[in-house]
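Listed below, chain by chain, are the residues.
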Amino acid sequence: MSERGFLEPAAKLRAAEVVRAVERQTSVELVVAVRRRASHYVVVSLAFGALCALAGFLVMWFGETVYDVRTIPLDVALSFVVGTAFVASVPTLRRILTPRALRLRAVRRAGEAAFAALGIDKTSGRTGVLVYVALFERTAVLVPDRGIPQPLVAGPLAAIRELLAVAVERNDFESFLTALGRVGPASGAVLPRQANDENELCDNVA
């Protein structure tokens, strides 16, 4: 499956079914959010454009061909614009040029912002968990609320997050659903569903 496959209506329906199955086992309120990207990485595009401009200047200044010094600044500026636009329009190249640490930080920040924007921190027991999927970065993060016990976060949920991240990296939606379904038994062992539990958050993919 391609990156876009995670955004298809049928895929979203299947993910919602898994969320409902998870919530039948635990008081955790699970939310899945899928985004095309966590950031536009404008700095990366600008840096590539600057390198293109520098390379163009060096070629014109030190090369054997004689250039009109009056047009060199314009040529350098054009190299910057073309380089910046090129890398901005080629996602694969932009992903390669973006350091992995920068991508992970962007996904974490975007996940925390989505956690607040989706109101996941509004549940009565503060037991919300967001699975945030960033397709450009090809990874996923888990953002738990403060009502989720730390041993659960650091243990089973951390292991599940790794499985989710690998599935997204490989564009493997089936493995993603399988890993997502593991949230149910893992969380249910610590936070079992109670008779008076209510579904406080939407099950559909955000």
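As the structure is a prediction and not an experimental result, all values here were calculated from the model.

Chemist: I would appreciate a short explanation of the confidence of the model for the chain in the present structure.
Modeler: As a general rule, the predicted coordinates of low-pLDDT regions are not to be interpreted in detail. Across the chain, pLDDT averages 92, with 98% of residues at or above 70. Of all secondary-structure elements in the chain, the lowest mean pLDDT belongs to helix 2 (residues 42-62), at 89, while strand 2 (residues 128-134) reaches the highest, 97.

Chemist: Can you help me understand the pairing of strand 3 (residues 139-144) in this one?
Modeler: With five of six residues buried, strand 3 lies mostly within the body of the structure. With six bridges connecting them, strand 2 and strand 3 associate as antiparallel partners. Bridged to Val-133 within strand 3 is Ala-140. The antiparallel pairing of strand 2 with strand 3 creates a hairpin that spans four residues between the two strands, and Arg-138 there sits at a positive phi of about 55°.

Chemist: Even after reading the chapter, I still don't get the layout of surface pockets, so can you show me in this structure?
Modeler: Empty pockets left among the atoms are what a rolling probe the size of a water molecule brings to light. Empty space within the largest pocket amounts to approximately 390 Å³. For the lining of the largest pocket, the secondary structure elements donating two or more residues are helix 5 (100-117), strand 3 and helix 6 (150-169).

Chemist: Teacher, can you tell me more about helix 6 here?
Modeler: Helical periodicity: at 3.6 residues per turn, an α-helix aligns residues three or four positions apart in one direction. With 20 residues, helix 6 should reach 28 Å at 1.5 Å per residue; the first-to-last C-alpha distance of 26 Å fits that figure. Turning to helix 6, its buried residues number three or more, namely Leu-152, Val-153, Leu-157, Ile-160, Leu-164, Ala-165, Ala-167 and Val-168. Packing partners of the buried residues in helix 6 comprise strand 2, strand 3, helix 7 (173-181) and helix 8 (183-188). Among the residues trailing helix 6, Asn-171 stands out with phi positive, at a value near 55°.

Chemist: Just checking my understanding: could you explain the pattern of salt bridges for this structure?
Modeler: Where charged atoms from two side chains of opposite charge approach closely, those side chains can pair. This model, assessed by the stated rule, comprises three salt bridges. Glu-162 is the salt-bridge partner of Arg-161, the closest N and O atoms lying 2.4 Å from each other. For Arg-161, a relative accessible area of 21% corresponds to the partly exposed category. For Glu-162, a relative accessible area of 43% gives the class partly exposed.

Conventions we followed
Every chain is numbered on its own, with residues counted from 1 as its sequence reads. For this predicted model, a pLDDT threshold of at least 70 governs which residues receive local features, and a threshold of 80 or more governs which side-chain atom pairs are given and counted, while totals over whole chains, interfaces and linings are taken from all residues. Computation of side-chain values: all heavy atoms of the structure, hydrogens and water removed. As a per-residue measure, pLDDT reflects the predictor's confidence and takes values from 0 up to 100. Numbering of helices and strands starts at the N terminus; helices are DSSP runs of H or I of at least 4 residues and strands are runs of E of at least 2. Accessible area is worked out with a 1.4 Å probe on protein chains only. A residue is then buried under 20% of its type maximum, exposed over 50%, and partly exposed in between. For two strands to count as paired, DSSP must find a minimum of two bridges between them. Using protein atoms alone on a 1 Å grid, points that fit a 1.4 Å probe yet trap it form a cavity, whereas open point sets bounded by protein on both sides within 12 Å along at least five of seven lines form a pocket; residues with an atom within 4 Å of a point count as lining. Grid points are joined across faces, edges and corners, and a volume is the space filled by probe spheres set on the points. A helix's residues, less one, multiplied by 1.5 Å, set its expected span. Any two residues whose heavy atoms approach within 4.5 Å at even a single point are treated as in contact. Salt bridges are defined by distance alone: a side-chain nitrogen of Lys or Arg within 4 Å of a carboxyl oxygen of Asp or Glu.

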